[in-house]
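The residues making up each chain are set out below.
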Amino acid sequence: MSTVFRKGPLPRYYQLKEIMREKIRSGEWKPGDLIPSERELGEQYGISRMTARQAITELVNEGLFYREQGKGTFVSRHKITQQLIHLTGFTEDIRARGQRPGTRVLNAHMMPADETTAERLRIKPGQPIFYLQRLRLADGVPLAVEISHLSFMGCEKLLEEDLENNSLYRLLETKYGLPLMEAEQEIEAGLFDEEAAQLLKVPVNSAALFTRRITYTERDQPIEYAKAMYCGNKYTYYTNLKREQLMP
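The structure displayed is predicted, hence computed values, not measured ones. The numbering scheme is per chain: residues are counted from 1 as the chain's sequence reads. Selection of residues for local features in this predicted model requires a pLDDT of at least 70, selection of side-chain atom pairs for listing and counting requires 80 or more, and totals for whole chains, interfaces and linings are taken over all residues. Only hydrogens and water are set aside; all other atoms, that is, all heavy atoms of the structure, feed into the side-chain values.

1. Re the packing of aromatic side chains
Stacked, edge-to-face and tilted labels apply to pairs of Phe, Tyr and Trp rings (six-membered ring for Trp) whose centres lie within 6.5 Å, assigned for plane angles under 30 degrees, over 60, and everything in between, in that order. Using the criterion set out here, one finds 3 aromatic pairs in the structure. For the ring pair Y66 and F74, a centre distance of 5.6 Å and an interplane angle of 20° mean the geometry is stacked. Burial classes follow relative accessibility: with a 1.4 Å probe on protein chains only, a residue under 20% of its type's maximum area counts as buried, one over 50% as exposed, and anything between as partly exposed. Residue F74 is classed as buried on the basis of its relative accessible area, which comes to 13%. Ring plane angle 70° and centroid distance 5.7 Å describe the contact between F152 and Y176, whose orientation is recorded as edge-to-face. Here F152, found in the loop between β6 (141-150) and α6 (168-174), pairs with Y176, found in the loop between α6 and β7 (180-191); they are 24 residues apart in sequence, far enough to count as distant. You'll find F152 and Y176 in the same group, each marked buried. Here a strand is any run of E in DSSP of at least two residues, a helix any run of H or I of at least four, and the numbering for each starts at the N terminus.

Below you can see the structure in the form of structure tokens.
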């Protein structure tokens, strides 16, 4: 299909969706390409801008396109997939997929633990912890905002580390002698607020994946309580489920 027919069983927005989907499938439009504007699509296919907007919006919602404020709509790169059966950090996930991980430290300081964080880390409220907020990127594209709360003897030394060019998990294990053994993680769907949307260059109220993770050392001691916001159209989680055999 390369033409939008005004008369026919299929709605015009749906016809345009299939045309654009085929352009991606055939490789004519590649990941990261800027697609034509609503006006340009309307002129090319003889449809209204509203019809073009509906087709684009639905493909954004499906994850095939993503929008950047002030720049336009782009073809999505392949989603980053994180398996839920291995404890890995962001840097390891991205490198394992042949992409270049990047980090911008937005905030790093010592602070007193609030009640929720203290409960997660099994410490007393008010105890000093290391707070780290980072913007995480894959091939230069913003993908997530992560906030880590860390508690261990000497955690204030993390203030001296280069956390933009070094993996936090690797530092903890190799330099600080803190092997990370397991984690508990929650995942929740939601929408980006204005602050997060601006950092990730996505529209306000676009799809987001929120995670909360408690990471433990070999002594079953929680060391990190982390929260993250991932772009819903660029990130997916994978797990393998097996059904237990029924008892006779």
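Right, picking up where we left off after that structure.
2. Quick look at the pattern of salt bridges
Whenever Lys or Arg places a side-chain nitrogen within 4 Å of a carboxyl oxygen from Asp or Glu, that contact is recorded as a salt bridge. This structure, assessed with the given rule, holds 12 salt bridges. For K71, the salt bridge is made with E68, and the minimal N-O distance between the two is 3.6 Å. Among the salt bridges present, the one from R212 reaches E188, with a minimum N-O distance of 3.1 Å. With R212 in strand β8 (residues 207-217) and E188 in strand β7, the pair connects residues that are 24 residues apart, well separated along the chain. One salt-bridge network, in which partners are shared between bridges, spans R134, R136 and E146.

3. Thoughts on the confidence of the model for the protein chain
Confidence scores here are pLDDT values: one per residue, from the predictor, ranging 0 to 100. Mean pLDDT for the protein chain: 84, with 85% of residues reaching 70 or above. Every residue pair with non-hydrogen atoms within 4.5 Å of one another is taken to be in contact. Low pLDDT (under 50) marks residues 80-86, which in the prediction has 27 contacts with non-local residues, meaning those over four places away or in another chain.

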